[in-house]
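This is what each chain is made of:
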Amino acid sequence: MEPPVLVGARVRLRGVLPSDVRPRQRLGWHREIERGYGSERGTGPMTDAEAAKWFELMATQDRFLQWVVEVEGEPAGMASLRLLNPVDRKALFAVGMHAPRFIGRGLGAESTRLVLGHAFDDLGLHRVGLRVLAFNAPAIACYRRCGFVEEGREREDCWLEGRWHDDVMMSLLDHEYRRQATPSG
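Okay, so let's go over this structure. All residue numbers refer to positions counted from 1 along the written sequence of the respective chain. Note on the predicted model: pLDDT of at least 70 is required for a residue's local features to be given, and 80 or more for side-chain atom pairs to be given and counted; whole-chain, interface and lining totals, by contrast, use all residues. Each side-chain value is derived from all of the structure's non-hydrogen atoms; neither hydrogens nor water enter the calculation.

## Remarks on the environment of Pro75
Just so we agree on the cut-off: Where helices and strands are cited, they refer to DSSP runs of H or I of at least four residues and of E of at least two residues respectively, numbered from the N terminus. The classification of residues rests on relative accessible area computed with a 1.4 Å probe and restricted to protein chains. Under 20% of the type maximum is buried, over 50% is exposed, and intermediate values are partly exposed. Note on definitions: a residue-residue contact is assigned when non-hydrogen atoms from the two residues lie within 4.5 Å.
Checked against the element boundaries, Pro75 lands in strand S4 (residues 74-85). With relative accessibility at 8%, the residue Pro75 sits in the buried group. Pro75 sits 54 residues away from Val21 along the chain, and the two C-alpha atoms are 9.4 Å apart. Apart from residues lying up to four places away in sequence, Pro75 is in contact with Arg14, Asp20, Pro23, Leu27, Val68, Val69 and Glu70.

Structure representation (structure tokens):
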């Protein structure tokens, strides 16, 4: 599925292009960012093979809308609506930045709001859910600011750094989104 271009004040979300491979590769891996995704990958360069695999995953997913988050013309992160289900009108959301310099600037929240607008206003979804590791307090705070509500936990769902971690399940429903989008909401 080809995602539409979504434009905010500081970010532009667009489909992935072959020309994104080298800029993504230059950003490399960052331990704390990867840890937030449940990976034990360390900090370091991204190999040619890893960059090619990244592009393949971004460009070939069925029932996914994948966006590159572009900041000042540079690919800075990704956002997605996965497992789009038109019958139940739901999807799973994910967002992430690729390098520390893009974190803590509100770019993830801006990207989240753009994708939610598309999900509810254009696609007519009823529910957008997500999962986030319980120790990722900055991400959870961002999702709450964007209207997501915690609905439960999957206990000990991720083995990371020699111990189990919980996943927090969150969602936003269309009527909640519309209520917060109104001037009095």
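## Side note on helix H5 (residues 137-145)
The cut-off we apply is this: As used here, the arc is the angular range of directions from the helix axis to the C-beta atoms.
Residues of H5 that are buried: Ala139, Ile140, Cys142 and Tyr143. Taken end-on, H5 shows its buried residues confined to a sector of 160°, consistent with a single buried face. For H5, exposure combined with an orientation more than 90 degrees from the buried face picks out Pro138 and Arg145. Taken together, the buried residues of H5 touch strand S5 (90-97), helix H4 (107-122), strand S6 (127-133) and strand S8 (163-173). At the C-terminal side of H5, Gly147 shows a positive phi close to 105°.

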